[in-house]
Each structure stands twice: as structure tokens, then as C-alpha cells.
Amino acid sequence: MPTDKEHALVWCEIPVSNLADAMDFYATTMNWELKLDESGPNPVAYFPMTETSIAGHLYPGEPGGGAGTTVHLAVSDTAEATAARAVAAGGTRVAGPITIPPGQFIYILDPDGNSIGLFEAA
């Protein structure tokens, strides 16, 4: 079914048990600066984004514990280097690399057990 949207996914939300600790984990793993926003009903930590898009954010919530949706994040260097940083920061490597036509990805679990794919474009 066609859509007139550029991308079907609008944004993702990753629930974490401790927002400050999760911000440290994702900043270290992904080489990102996350922006803390406390203007809404709950604090959130935004992933890098443009002025017209929201990639996703972390929020205080009930982590998935390895069940549920897997969010795939674009790495800034290589999937292997990013996975190594994730493990060093307290995450768990689960599987991969898995090669697909657009590139490759590695599955990890963040310290809260959320399933994350680390995607490296070909």
C-alpha cells in the first residue's frame, strides 16, 4: 500500500529504568550527544535530529527486557566498533554481524535489556 510519507516510521521511544545512566550508555556507544528535554510531562533524551525530524528518544519507563520491538540505529563508524563500545559500556552483544543488501547490523541489548540493532550502511 503506497504512502505519501517520506518514511513510514515517525520516531522511536526506548524505555529505560534510569535516564541519566541510559544517556551515558547511548552517548558512549553511538558517539552521540543526547539532548535532555524536561519541557513536557516526562523528561526525555533526544537522539540527534534535524529541525524537521525526530529520530527518537529515551524516556523513563518499563524496559522491554529483550522482548518487543527492535530499534535499529545508524552507527557513526562501524557496527563492530559500535558493538565493542556497547559491551564496554554495559550492553550485551547478541548476534551478528548479519549482512543484508543495504549493509550489515549487529544485535545488542542495552543495560535495560532493550533490543537494539546497530546498522552500518554498505
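Below is a short write-up of the structure. This one's a predicted model, so the numbers in the text were calculated from it and none came from an experiment.

### Quick notes on the sheet that holds strand β7 (residues 103-109)
Reading across the sheet, the four strands line up as β5-β8-β7-β6 and stay open at both edges, with mixed pairing between neighbours. Here the strands that pair on one side only, and so sit at the sheet edges, are β5 (71-74) and β6 (92-100). In this sheet, adjacent strand axes meet at a mean angle of 25° when their direction is disregarded. Here β7 pairs with strand β8 (residues 115-121) via seven bridges, running antiparallel. Across the sheet, residue G103 finds its bridge partner in β8, namely A121. Along the sheet, helix α1 (residues 19-30) makes contact with β5, β7 and β8, crossing β5 at roughly 50°.

### Concerning the pairing of β5
The side-chain alternation of β5 yields one buried face, formed by V71 and L73, and one unburied face, formed by H72 and A74. Pairing of β5 with β8 involves four bridges; the strand directions are parallel. Across the sheet, the residue bridging to A74 is F119, located in β8.

### Some thoughts on the layout of surface pockets
Roughly 230 Å³ of internal volume is contained in the largest pocket. In this structure, the largest pocket is lined by 13 residues; those nearest its centre are L9, C12, A55, H72 and L73. Tallying contributions element by element places β5 first for the lining of the largest pocket, with four residues. Per-class residue counts for the lining of the largest pocket are twelve nonpolar, one polar and no charged.

### Overview of the nonpolar core
If you look at the biggest cluster of nonpolar residues, it comprises 24 residues, and the most contacted ones within it are I14, Y26, L34, F47, L58, L73 and I116. Residue assignment for this core shows that the elements contributing at least two residues are β1 (12-16), α1, β5, α2 (79-88), β7 and β8. With six residues, α1 is the single largest residue contributor to this core. Among all residues touching L73, those that are not within four sequence positions of it are Y26, M30, W32, F47, I116, G117, L118 and F119.

### Re α2
Within the span of α2, buried status applies to A79, T82, A83, R85 and A86. Projected down its long axis, α2 carries its buried residues within an arc of 160°, all on one side. Against α1, β6, β7 and β8 lie the buried residues of α2. Phi turns positive one or two residues past the end of α2, at G90, with a value near 110°.

### Let's talk about the packing of aromatic side chains
On inspection of all chains with the given rule, the structure shows four aromatic pairs. On the numbers, 4.8 Å between centres and 45° between planes, the contact of W32 with F47 is tilted. Of this pair, W32 sits in the loop between α1 and β2 (35-37) while F47 sits in the loop between β3 (44-46) and β4 (56-60), placing them 15 residues apart in sequence. By relative accessible area, F47 is classed as buried at 3%. For the ring pair F105 and Y107, a centre distance of 5.1 Å and an interplane angle of 80° mean the geometry is edge-to-face.

Reading the values: rules and limits
Residues numbered from 1 in each chain as written. Predicted model: local features only at pLDDT ≥ 70, side-chain atom pairs only at ≥ 80, totals over all residues. Heavy atoms only, no water. Pairing = 2+ DSSP bridges. Helix = DSSP H or I, 4+ residues; strand = E, 2+ residues; numbered from the N terminus. Axes fitted to C-alpha atoms, helices over the stretch in contact; angles between N-to-C directions. Contact = heavy atoms within 4.5 Å. Buried < 20%, exposed > 50% of the residue type's maximum accessible area, 1.4 Å probe, protein only. 1 Å grid on protein atoms, 1.4 Å probe; cavity = no way out; pocket = protein on both sides within 12 Å on 5 of 7 lines; lining within 4 Å. Points joined across faces, edges and corners; volume = space filled by probe spheres on them. Nonpolar A, V, L, I, M, F, W, Y, C, P; charged D, E, K, R; others polar. Core = buried A, V, L, I, M, F, W, Y, C linked by side-chain atoms within 4.5 Å. Arc of directions from axis to C-beta. Phe/Tyr/Trp six-rings, centres within 6.5 Å; stacked < 30°, edge-to-face > 60°.

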